[in-house]
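Chain and residue survey
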Amino acid sequence: MDDYKPTIVVFCCNWCSYAGADLAGVSRLQMAPHFRVIRTMCSGRIDPEFVLTAFKQGVDGVLITGCHPGDCHYLSGNYKTLRRYHILKVMLREFGIHENRLKLEWVSAGEGNKFQQVINEFTEQVKKIGPLNGSG
């Protein structure tokens, strides 16, 4: 299991968390490299079907990042995201997928260090669970 490299999809909102991810990259912060970023205009635009499709296609973990509550460019998109996130957790359990394969974090444009920390911690969390096509 030491050489297991989980595949992780990260949905980032355009206005905050994508800029935070970019800051982490240009600052050359060390991050687990096994994730792919999908930029969305707002975390509120992430349809739950996108998350379920990612798992259906074999992704080991999905991380949703967005603006901090109260800072959404579209005013309430992140509140919609939070509601959907809780529903998705329940759905994953019902489908037999470990709920800790899904994570939501608020990351602002100036929080490159936080983006790095979240990526590294989530990667380790998913590693402990193991591959999706395995036991959970």
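Higher on the page you've got the structure.
Residues numbered from 1 in each chain as written. Predicted model: local features only at pLDDT ≥ 70, side-chain atom pairs only at ≥ 80, totals over all residues. Heavy atoms only, no water.

Quick look at the overall build of the protein chain
Secondary structure assignment for the protein chain yields four helices and four strands. Helices (α) and strands (β) of the protein chain occur, in sequence order from the N terminus, as β-α-β-α-β-α-β-α. Taking 2.2 N^0.38 as the reference for a compact globule, 136 residues should give roughly 14 Å; the C-alpha atoms of the protein chain span a radius of gyration of 14 Å, in line with that estimate. Seen through its principal axes, the protein chain has C-alpha atoms that stretch 40 × 35 × 20 Å. Buried residues in the protein chain amount to 46% of all 136 residues. The long-range fraction of contacts in the protein chain, counting pairs at least 24 apart against all pairs at least 6 apart in sequence, stands at 80%. (Helix = DSSP H or I, 4+ residues; strand = E, 2+ residues; numbered from the N terminus. Rg over C-alpha atoms; globule rule 2.2 N^0.38 Å. Buried < 20%, exposed > 50% of the residue type's maximum accessible area, 1.4 Å probe, protein only. Contact = heavy atoms within 4.5 Å.)

Focus on empty space enclosed by the protein
In this structure the tally under the stated criterion is one cavity of 30 Å³ or more. As a volume, the largest cavity reaches approximately 50 Å³. In terms of lining, the largest cavity is formed by Ser43, Ile46, Pro48, Val51, Ile64, Thr81, Arg84, Tyr85 and Leu88. Among the secondary structure elements, those contributing two or more residues to the lining of the largest cavity are helix H2 (48-56) and helix H3 (77-94). (1 Å grid on protein atoms, 1.4 Å probe; cavity = no way out; pocket = protein on both sides within 12 Å on 5 of 7 lines; lining within 4 Å. Points joined across faces, edges and corners; volume = space filled by probe spheres on them.)

Considering the environment of Val37
By the secondary structure assignment, Val37 is in strand E2 (residues 35-40). Each C-alpha atom of the pair Val37 and Lys103 lies 14 Å from the other, and the pair is 66 residues apart in sequence. When residues no more than four places from it in sequence are discounted, the contact partners of Val37 are Val10, Cys12 and Tyr18.

Observations concerning the pattern of salt bridges
Throughout the structure, instances matching the rule amount to four salt bridges. Glu105 is the partner of Lys114 in a salt bridge, and the nearest nitrogen-oxygen pair spans 3.7 Å. The class for Lys114 is partly exposed, based on a relative accessible area of 26%. The partner of Glu124 in a salt bridge is Lys127, and the shortest N-O contact between them spans 3.8 Å. With Glu124 and Lys127 both in helix H4 (residues 112-129) and three residues apart, this pair spans about one turn of that helix. Its relative accessible area of 41% is what places Glu124 among the partly exposed residues. Exposure remark for Lys127: the relative accessible area of 26% places this residue in the partly exposed category. Each of Lys103, Glu105 and Lys114 takes part in salt bridges that share partners, so that together they form one network. (Salt bridge = Lys/Arg side-chain N within 4 Å of Asp/Glu carboxyl O.)

Quick look at the sheet that holds strand E3 (residues 61-66)
Across the sheet, which stays open at both edges, the four strands sit in the order E2-E1-E3-E4 with parallel pairing between neighbours. Of all the strands in the sheet, just E2 and strand E4 (102-106) have a single pairing partner and so form its edges. Across the sheet, the mean angle separating the axes of adjacent strands is 20 degrees when strand polarity is ignored. On top of the sheet, H3 reaches E3 and E4; it is set at about 165 degrees to E4, its chief contact. (Pairing = 2+ DSSP bridges. Axes fitted to C-alpha atoms, helices over the stretch in contact; angles between N-to-C directions.)

Points about the packing of aromatic side chains
The relative placement of two aromatic rings is captured by the distance of their centres and the angle of their planes. Considering all chains together, one arrives at one aromatic pair under this definition. Aromatic side chains Phe35 and Phe115 sit 6.1 Å apart centroid to centroid with 65 degrees between the ring planes, which places their arrangement in the edge-to-face category. Of this pair, Phe35 sits in strand E2 while Phe115 sits in helix H4, placing them 80 residues apart in sequence. Across the pair, Phe115 and Phe35 agree in class, each one buried. The aromatic ring of Tyr18 is capped on one face by Arg39, whose charged end is 4.3 Å from the ring centroid. (Phe/Tyr/Trp six-rings, centres within 6.5 Å; stacked < 30°, edge-to-face > 60°. Lys NZ or Arg CZ within 6 Å of the ring centre and 35° of its normal.)

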